[in-house]
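Next come the chains, spelled out residue by residue.
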Amino acid sequence: MDLENGMNQNRFKKESWRTVLTLAYQSLGVVYGDLSISPLYVYKSTFAEDIEHSKTNEEIYGVLSFVFWTLTLVPLLKYVFIVLRADDNGEGGTFALYSLICRHARVNSLPNCQLADEELSSYKKHVIAPAASAFGSSVKSTLERHRVLQKCLLVLALIGACMVIGDGVLTPAISVFSAVSGVELAMSKEHHKCQEERFDGGVQLDVEVPVACIILIALFALQHYGTHRVGFLFAPVVVTWLLCISAIGVYNIFHWNPHVYKALSPYYMYKFLKKTQRGGWMSLGGILLCITGSEAMFADLGHFSQLSIQTVPLEVVPTVEQDPKALIFVQIAFTSFVYPSLILAYMGQAAYLSKHHDIDNGYRIGFYVSVPDNLRWPVLVIAILAAVVGSQAIITGTFSIIKQCSALGCFPRVKIIHTSSKVHGQIYIPEINWILMMLCLAVTIGFRDTKRLGNASGLAVITVMLVTTCLMSLVIVLCWHQSVFLALGFVFFFGTIEALYFSASLIKFLEGAWVPIALSFIFMLIMYVWHYGTLKKYEFDMQNKVSVDWLLGLGPSLGIVRVRGIGLIHTELVSGIPAIFSHFVTNLPAFHQILIFLCIKSVPIPHVKHEERFLVGRIGPREYRLYRCIVRYGYRDVQKDDLEFEKDLVCILAEFIRTGKVGAHNPGEDSEKEDDRMAVIGTPSTHSEGIRMHEDEANNPPHASTSQLNENESPVTQLRKRVRFVIPESPEIDKGAREELQELMEARDAGVAYILGHSYVRAKQGSSLVKKLAINYGYDLLRRNSRAPTYALSVPHASTLEVGMAYQI
């Protein structure tokens, strides 16, 4: 899969409104799938236990008023008109907000950051805003000075990420279970339940549980195929579902209670709380479920820049920031279609229930009871499809958040499979997929009702919203340079609403709300231990790295010999010589004629342009043939894991030699300023007039040309493919550069050796018990069970040399 094709940014400007409309339509299924299925379980969860539906209708009117104003204030006002504008170059979610704050306040959790990273074109979000206020500057300096505040900010972002993962477990369970609950009404009384007699009495088995489990197993089993194969069905399913529930809502309003619109007045919220008191406050945990998909709507924002599969290739898909029309249609789609459909659906259910008070059990206050009898089977089928689409959206979002955490050093490396060659967001993580499936089945079988599933899902959702509110306040001050009063007003207004719902959800701790807390604690522990161990390991590398002068002085002291070929030393350091190489060269005093210190790193932006992918520089004088190459990826970029990367790396190095942008290292020069002498070299596809590598069969020698550097004719090399650099005729290349290119080509033909470090990390003597547990057991267990780095997956075993070394941290 070649994702390094040339970019054509000018095509964005030519995109028509029709194309953007198509893009917005395609994204409806992904972005609004989770939010649109909430009418399935809101009323059922609200009236499950804490309040009763009386003949005065004060309860149902109060719930409708709460639902209306919650939908209006949180998804519509907060997310659509405010939070969606805080995208990170087209990407959304809690980690996107955290990434924005890190770049504007220098609180990056990645240890190997460089000043050169801040020169990336996407590093700063360009907004029209006033200059930073005195308070904003004070907040920035305070965050940069105090490591404790930086750790608190990281923990806050990790809590949000963990709750999203918990939501990825609970949303498919409650969505599918609520959708199939209509089977009980659609089936006849004689067949809708099956009984099983046991020794200790009768045990009633609802048909909904096995059907929901079968659908969940099928949903997760099909993940490896990728949603792009059936993604074109997502938008029609969601559109059909929204039209269906809005039409049923309009029917119920006019048929049962045309005056139900009066319940939209906030006065009914007051009457509701006055009558129900503590029970009404506790029932807010069910009302909260009407906004379950709001955070997913923000997290899946990147799909608006990814789903135009048929119009433009992956590399040139416009992001929200590159094309503001996409954001406009996000707002238009929600305000003109999704929001009215949901309001009509809730009003219709309330209108039906206001005329039906003979509800004998909590089950019958559900969605399907308000559906006309002759439409229940068709609506049931559409509801199941919509639940699958909504579940797919949160599963994809869970995969994306784990990929972001892994790229930013906060989650163990996992196998990431890109199921589509055209869409960044279409990824599949096998380990996470099966873990989510087992957890989904466990909570579905364990709870067996929407009440406890709703309690668990509600707490996960509202916690993520609170995290977003806190992070948004910092974005308003640090990134948008707005007044502190605006940030405080944002936190106070929306934080108060969300804190009320949070308290109502937390009180249900023993009734299901403990599940997201337990899941988040486990994932939080894994994330923090991995991040802590990774950071300590990098600090050990920094403390034990050797200077460039040490390497340059090895020749006379140890009798270093240079062997043919290219040596690739993989390291996480962006300056200096890693300890593993000094360990290697002191025990085996020889290294290759071309030596490249390769660092593949992530930067806290979603995408790095191809023109800015590589940083290349020399170590020492030109005749030493020592180079450093830093490859930069964003947390949403696809990292190459095939052998084409080796070819690209050699071409980039050849282009660096041809242009000769950077001078050599002078002895005694500060190694910390090494990145100042490095040149930004794009991928081979960005150099239309640059050097190209070409391979010919040995028995078909190419015609001689002044623009080609051919390999030396020898009996050994004639047995292999002939490798040559195709160099443009102009400009002229000096003699030294031509000799350097010739030697690079000969080394490439001799072969590439990969020198990888294999570290054993242990806590040093005198460490605290907590540190020993975290490093010796926690981090070591995660390291042994995590995947190898991406670049090491396709390295030929015959060309690999692993250097083992013990780290005492």
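Named according to an unreviewed UniProt entry, the protein chain is Potassium transporter originating from Rhododendron simsii. Taken directly from UniProt, the Sequence similarities (unreviewed entry) text for the protein chain runs: "Belongs to the HAK/KUP transporter (TC 2.A.72.3) family." Its UniProt record gives the protein chain a comment under Subcellular location (unreviewed entry), which states: "Cell membrane".

(A) Examining the packing of helix α8 (residues 147–180) against helix α10 (residues 208–221) more closely. Running from amino to carboxyl end, α8 crosses α10 at an angle of 130 degrees, the nearest separation of the two axes being 9 Å. Accordingly, the angle class assigned to the pair α8 and α10 is oblique. As for how α8 packs across α10, the hand of that crossing is right-handed. Residues Pro172, Ala173, Val176, Phe177 and Val180 of α8 form the contact with α10, whose participating residues are Glu208, Val209, Val211, Ala212, Ile215 and Leu216. Residue composition of the contact of α8 with α10, grouped by class: ten nonpolar, no polar and one charged.

(B) Broad picture of the confidence of the model for the protein chain. Considering every residue of the protein chain, the mean pLDDT works out to 79; 77% of them sit at 70 or more. Predicted confidence is poor over residues 306–323, with pLDDT under 50, and the contacts of this stretch with residues over four places away or in other chains come to 59 contacts. Across residues 663–672, where pLDDT falls below 50, the model places 18 contacts with residues more than four positions away in sequence or in other chains.

(C) Representation of the sheet that holds strand β5 (residues 561–570) within the structure. In space, the seven strands of this open sheet follow the order β9-β7-β8-β6-β5-β13-β14, with mixed pairing throughout. Looking at the sheet topology across the chains shown, the edges are occupied by β9 (679–681) and β14 (800–808). Across the sheet, the mean angle from the axis of one strand to that of its neighbour is 25 degrees, orientation sign disregarded. In this structure, strand β7 (residues 614–618) lies alongside strand β8 (residues 626–634), joined through five bridges in antiparallel fashion. Within β8, the position partnered with Leu615 by the bridge is Ile630. Its contacts with the sheet put helix α24 (residues 579–587) on β5, β6 (590–603), β13 (752–762) and β14, and the angle it makes with β14 is roughly 115 degrees.

Rules behind the numbers
- Residues numbered from 1 in each chain as written.
- Predicted model: local features only at pLDDT ≥ 70, side-chain atom pairs only at ≥ 80, totals over all residues.
- Heavy atoms only, no water.
- UniProt positions renumbered as here; feature names shortened; annotations may be inferred.
- Axes fitted to C-alpha atoms, helices over the stretch in contact; angles between N-to-C directions.
- Helix = DSSP H or I, 4+ residues; strand = E, 2+ residues; numbered from the N terminus.
- Parallel < 35°, antiparallel > 145°, perpendicular 65-115°, else oblique.
- Left-handed = near helix turned anticlockwise from the far one by under 90°.
- Contact = heavy atoms within 4.5 Å.
- Nonpolar A, V, L, I, M, F, W, Y, C, P; charged D, E, K, R; others polar.
- pLDDT = per-residue confidence, 0-100.
- Pairing = 2+ DSSP bridges.

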